[in-house]
Amino acid sequence: YEKRQNKLSEQNGENSDITLLAEKALGGKEEILLKISILSKYSNVSKLSVLVNGVDENIIIEQGKKELVLSPNIKLSHGENIIEVFAQDESGGFSNKATFVENNKTSEKPDLYQFCIGSAKFTDETKNLNYAAKDAQDVFGLFAKQKFIGKKKYHKIYGKQYTNEQVNKNSVKEIAAVLSKANKNDVVILFYAGHGILNKDFDYYLSSYNVDFANPEQNGIAYSEIESILQNCKARQKLFLIDACHSGDVEKGEMIKSNTASIDTSGGLVFRSVTT
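All values reported here derive from a predicted model rather than from experimental measurement.

A. Main features of the nonpolar core. Counting residues in each nonpolar core, the largest one holds 23 residues, and the members touching the most others are F115, I117, I175, L179, V188 and L190. Residue assignment for this core shows that the elements contributing at least two residues are β9 (112-118), α3 (169-179), β11 (187-193), β13 (204-206) and α4 (223-232). Ranked by size, the runner-up nonpolar core spans 20 residues in total, among them I32, I36, I61 and I83.

B. Representation of helix α2 (residues 132-144) in the model. Across its 13 residues, α2 extends 18 Å between first and last C-alpha, which sits within 8% of the 18 Å expected from 1.5 Å per residue. Residues of α2 that are buried make contact with β9, β10 (157-163) and β11.

C. Representation of the pairing of strand β5 (residues 67-70) in the model. Burial along β5 is one-sided: L68 and L70 are buried, and none of E67 and V69, which face the opposite way, are. Where strand β2 (residues 31-40) lies against β5, 4 bridges are found, and the strand directions are antiparallel. Across the sheet, the residue bridging to S37 is V69, located in β5.

D. Highlighting unusual backbone geometry. One non-glycine residue, F202, lies in the positive phi region at around 65°. Examined against the element boundaries, F202 turns out to sit in the loop between β12 (196-198) and β13. Residue F202 is classed as buried on the basis of its relative accessible area, which comes to 16%. With a phi close to 75°, N219 is a non-glycine residue in the positive phi region. Mapped onto the fold, N219 is located in the loop between β13 and β14 (221-222).

E. The environment of A25, seen in detail. Take A25: it is sitting in strand β1 (residues 18-27). Taking the relative accessible area as the measure of exposure, A25 reaches 44% and is therefore partly exposed. Separated by 10 residues in sequence, A25 and K35 have C-alpha atoms that sit 5.9 Å apart. Those residues within four positions of A25 in sequence are excluded, and the remaining contacts are L33, L34 and K35.

F. Layout of the pattern of salt bridges. On inspection of all chains with the given rule, the structure shows 10 salt bridges. Between K65 and E62 there is a salt bridge whose closest N-O contact spans 3.5 Å. A salt bridge links D124 to K127; the shortest N-O distance between them is 3.2 Å. Under the relative-accessibility criterion, D124 is labelled partly exposed at 27%.

Reading the values: rules and limits
- Residues numbered from 1 in each chain as written.
- Predicted model: local features only at pLDDT ≥ 70, side-chain atom pairs only at ≥ 80, totals over all residues.
- Heavy atoms only, no water.
- Core = buried A, V, L, I, M, F, W, Y, C linked by side-chain atoms within 4.5 Å.
- Buried < 20%, exposed > 50% of the residue type's maximum accessible area, 1.4 Å probe, protein only.
- Helix = DSSP H or I, 4+ residues; strand = E, 2+ residues; numbered from the N terminus.
- Expected span 1.5 Å × (residues − 1).
- Contact = heavy atoms within 4.5 Å.
- Pairing = 2+ DSSP bridges.
- Salt bridge = Lys/Arg side-chain N within 4 Å of Asp/Glu carboxyl O.

Put into structure tokens, the structure is as follows:
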């Protein structure tokens, strides 16, 4: 939010000036009512974002106005609900952000959706890894047991493991189709172990069985696609674990190219990196 706000502020200069006021009007057992006022000085308000644990409520607003007052009713899910509210104008400028934290307890048990991907073998056998597939299998087994340890934690557990030859673009489509059925109160865990690859434009890709390591956009799994799937999933408790190089979020605008060995080693450890 802050990065986008600063970047757009530099681009728009004085063409954007939008402010937002938000307060909690009422609070029920499983929901809260917000009162939101938005005022844009130069251009019309184009979007209101109400995020609950990062998931957009997709509030529809009246277009063509510089001033709006809304009272959306937000349903709460089990546990902590971090509610973030901000607006944008037609020039792309961001308003200030209001944040609320609401804790909620429900008797309804969530479903668990878990997918574990272990990309360890490739058509290019020189890039094979020793433990990525095993890591995915172990993590899958760990979370699958949660249904049976002590008091039953989840109502149902959905999920699948993908290893080696099974890791491809079709597996990502399968995951997206299943996650589209998840509800707000559900839990999603996605685990990936394999190679993390940057292309020449510093776009981030995760390895698949038949990825072209020199041109990862050929058959590689785009991180942006996984990110989009998770963002569009309704579940408000989502965990994405990545054991691959470059998983610390690459800032394309700040990247400086540096030559590295095909496989970097340090202290006997082999890192999951294959490219410059």
